[in-house]
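# Topology and contacts: notes
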Amino acid sequence: MLLFSANRGAAANVAYAHHNSNRNVFDEWVFSCKRANPFTAQNGKQAESFRSEWLFNRIKEGFVYVSNPMNIHQISKISLSPEVVDGIVFWTKNPVPMLDKLDRLEDYDYYFQFTVNSYAKDIEANIPSKNDIIVPAFIELSRKIGPEKVIWRYDPIMLTSKYSIDYHVNYFNELAKRLSGYTHKCVISFVDFYRNTQTHLKDLDILPLGENEMYELAERLVEIARKNNLIVESCAEKINLDQFGIQHGHCIDCNLLERISNCKMDLSKDKNQRPECGCMESIDIGAYNTCKNGCKYCYANFSQTTVNKNTGLHNPYSPLLFGEVSPEDKITERKMVSLKNNQLNLF
């Protein structure tokens, strides 16, 4: 099975896009792919608001090249054949460029992780208007593919003198009312201060976000969610929020993929992620330092100079997300097998 996300193995062939530990980000979507066969488009690598043309060219040609982030001359050739791609998971903050192209995904099972936050341009510099563009896009996407396949992400949550607990609660309430009926679930997480995110956030008046603040936010957000027929899950969080009805989530979700495909899948938890991450194995086809959204909490962009360099190397017709194959590169085709279990279960 291949999961494809607008994020990044010999794992499930699931493609997905999201923001977890070892993922790559390319613009508004992230793509990934692991041993089983789910693909992911995500991880600070947001798949398209910026790179959908590249993605659909790759699907048309039936394969993609993925560079090893530790050695760019080691390249894996990943098949995108529907026979081995068991699912695609997209991470996005702006799917508008894809909305009129979803028919090109008709041979795949897929769903979206769609981030809609409360932050303004001081934190999410290049995200279009939430009110005029992003929320309407969320609603249109849900109408096209169904609310179960569009998961709302309100993350990462951080506190500043501007973005206080009350601010988050009030904004979350407005978003929940507008998105009610167009999704079944909201995923939350709290900001992680990696070295590069600390650098990006140094000019902001960051406030402490300890257990007490997390508990207060969880309780108040869940109350709002319930009024709007939403469940809340956490993403890769150590803190236990069970008392508020918040379970640890699975962004690359075996149960959801099985419901969408109407088929059992032999997926395993991704052992390469941090222990708190509940994601299934998948293959990531994204890359660090390639997202132009300019979100200050992003861990996948290390410097704007590198981002500008990499995005300048993007060719929508190249098998690589950015750059071209060179004579020094070694290309190895990864073995892909579907992890769908089509055997009849009599018990």
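Residues numbered from 1 in each chain as written. Predicted model: local features only at pLDDT ≥ 70, side-chain atom pairs only at ≥ 80, totals over all residues. Heavy atoms only, no water.

### Quick look at the sheet that holds strand β7 (residues 71-79)
Put simply, the rule is: We treat two strands as partners when DSSP finds at least two bridges between them. Helix numbering and strand numbering both begin at the N terminus, where a helix is a DSSP run of H or I of at least 4 residues and a strand a DSSP run of E of at least 2. For every element, the axis is a line fit to its C-alpha atoms; helices are fit only across the contacting stretch, and the angle between N-to-C directions ranges from 0 to 180 degrees.
An order of β6-β7-β15 is seen for the three strands of this open sheet, with the pairing classed as mixed. Each having just a single partner strand, β6 (63-68) and β15 (330-333) make up the two edges of the open sheet. Between one strand axis and the next, the sheet turns by 30° as a mean value, whatever way the strands run. Here β6 runs beside β7; their pairing, made up of six bridges, is antiparallel.

### Here's the deal with the environment of Asp122
We apply this condition: In what follows, a contact means two residues having at least one pair of non-hydrogen atoms within 4.5 Å. Nitrogen and oxygen atoms within 3.5 Å of one another constitute a polar contact, given that in protein one can donate a hydrogen and the other can accept it, and given that sequence-neighbouring residues count only through two side-chain atoms.
As for its position among the elements, Asp122 is in the loop between β9 (110-115) and α2 (130-145). Spatially, the C-alpha atoms of Asp122 and Lys296 are 8.3 Å apart, while their sequence positions differ by 174 residues. The contacts of Asp122, once residues within four sequence positions are left out, are Lys162, Tyr163 and Lys296. In terms of polar contacts, Asp122 uses its side chain to reach the side chain of Tyr163, at 2.6 Å.

### A short note on the packing of aromatic side chains
Rules: Aromatic rings from Phe, Tyr and Trp, taking only the six-membered ring of Trp, are treated as a pair when their centres fall within 6.5 Å; an angle between ring planes under 30 degrees marks them as stacked, one over 60 as edge-to-face, and anything in between as tilted. Only protein chains enter the accessibility calculation, which uses a 1.4 Å probe. A residue is then buried if its area is under 20% of the maximum for its type, exposed if over 50%, and partly exposed in between. Comment: the charge-over-ring label is applied if NZ (Lys) or CZ (Arg) is within 6 Å of the ring centre and within 35 degrees of the ring normal.
Applying the stated criterion across every chain, the model contains 14 aromatic pairs. A centroid spacing of 5.4 Å and a plane angle of 50° characterise the contact between Phe63 and Tyr65, whose relative ring orientation is tilted. The same class applies to Phe63 and to Tyr65, which are both buried. Relative to Tyr110, the ring of Phe90 lies with its centre 6.1 Å away and its plane at 80°, an arrangement referred to as edge-to-face. On the criterion of sequence distance, the pair formed by Phe90 in strand β8 (residues 88-92) and Tyr110 in strand β9 is long-range, its members being 20 residues apart. With a relative accessible area of 0%, Phe90 lands in the buried category. Ring pairs connect the aromatic residues Tyr119, Tyr163, Tyr167, Tyr171 and Tyr297, which therefore count as one cluster. A cation over a ring is seen here: Lys149 above Tyr110, with NZ or CZ 4.5 Å from the ring centre.

### Some details on the pattern of salt bridges
Spelled out, the test is: Each reported salt bridge corresponds to a side-chain nitrogen of Lys or Arg within 4 Å of a carboxyl oxygen of Asp or Glu.
Going through the model one piece at a time under the given rule, you end up with 16 salt bridges. Here Glu61 makes a salt bridge to Arg58, at a shortest N to O gap of 3.1 Å. On the criterion of helical spacing, the pair formed by Glu61 and Arg58 is a turn pair, its members being three residues apart in helix α1 (residues 52-61). Taking relative accessible area as the criterion, Arg58 reaches 1% and is therefore assigned buried. Close ionic contact of Arg220 with Asp166 constitutes a salt bridge, the shortest N to O distance being 3.0 Å. Residue Arg220 is found in helix α5 (residues 211-227), and its partner Asp166 is found in helix α3 (residues 165-179); the two are separated by 54 residues along the sequence.

### Remarks on the nonpolar core
Grouped burial of nonpolar side chains is what soluble globular proteins tend to show. Condition: As used here, the term nonpolar core means buried Ala, Val, Leu, Ile, Met, Phe, Trp, Tyr and Cys residues forming a set that is joined through side-chain atoms within 4.5 Å.
Judged by nonpolar contacts, the single largest core of 62 residues is most densely connected at Leu105, Trp152, Phe172, Ile188 and Phe190. Once you skip the residues sitting within four places of it in the chain, Trp152 turns out to touch Phe114, Val116, Phe138, Phe172, Leu175, Ala176, Leu179, Thr183, Lys185, Cys186, Val187 and Leu230. Within the second largest apolar cluster, 19 residues are counted, among which are Leu257, Ile260, Met265 and Cys279.

### Regarding unusual backbone geometry
Here Asp155 and Pro156 are connected by a cis peptide whose omega angle stands at 0°. Positive phi, normally seen in glycine, also occurs at Ala236, with a value near 55°. Within the secondary structure, Ala236 sits in the loop between β12 (231-234) and β13 (247-248). A relative accessible area of 9% places Ala236 in the buried class. Unlike most non-glycine residues, Asn289 shows phi in positive territory, near 55°. In this fold, Asn289 is placed in the loop between β14 (264-265) and α7 (304-312). When its relative accessible area of 7% is taken as the criterion, Asn289 is described as buried.

### Section: the side chain of Thr160
Tracing the chain through its elements places Thr160 in the loop between β10 (150-157) and α3. Its relative accessible area of 4% is what places Thr160 among the buried residues. Engagement of the side chain of Thr160 in a polar contact is seen with the backbone nitrogen of Tyr163, the distance being 2.8 Å. In contact with Thr160, not counting residues within four places along its chain, are Asp205, Ile206 and Leu207.

These values are about where atoms sit, not about what they do.
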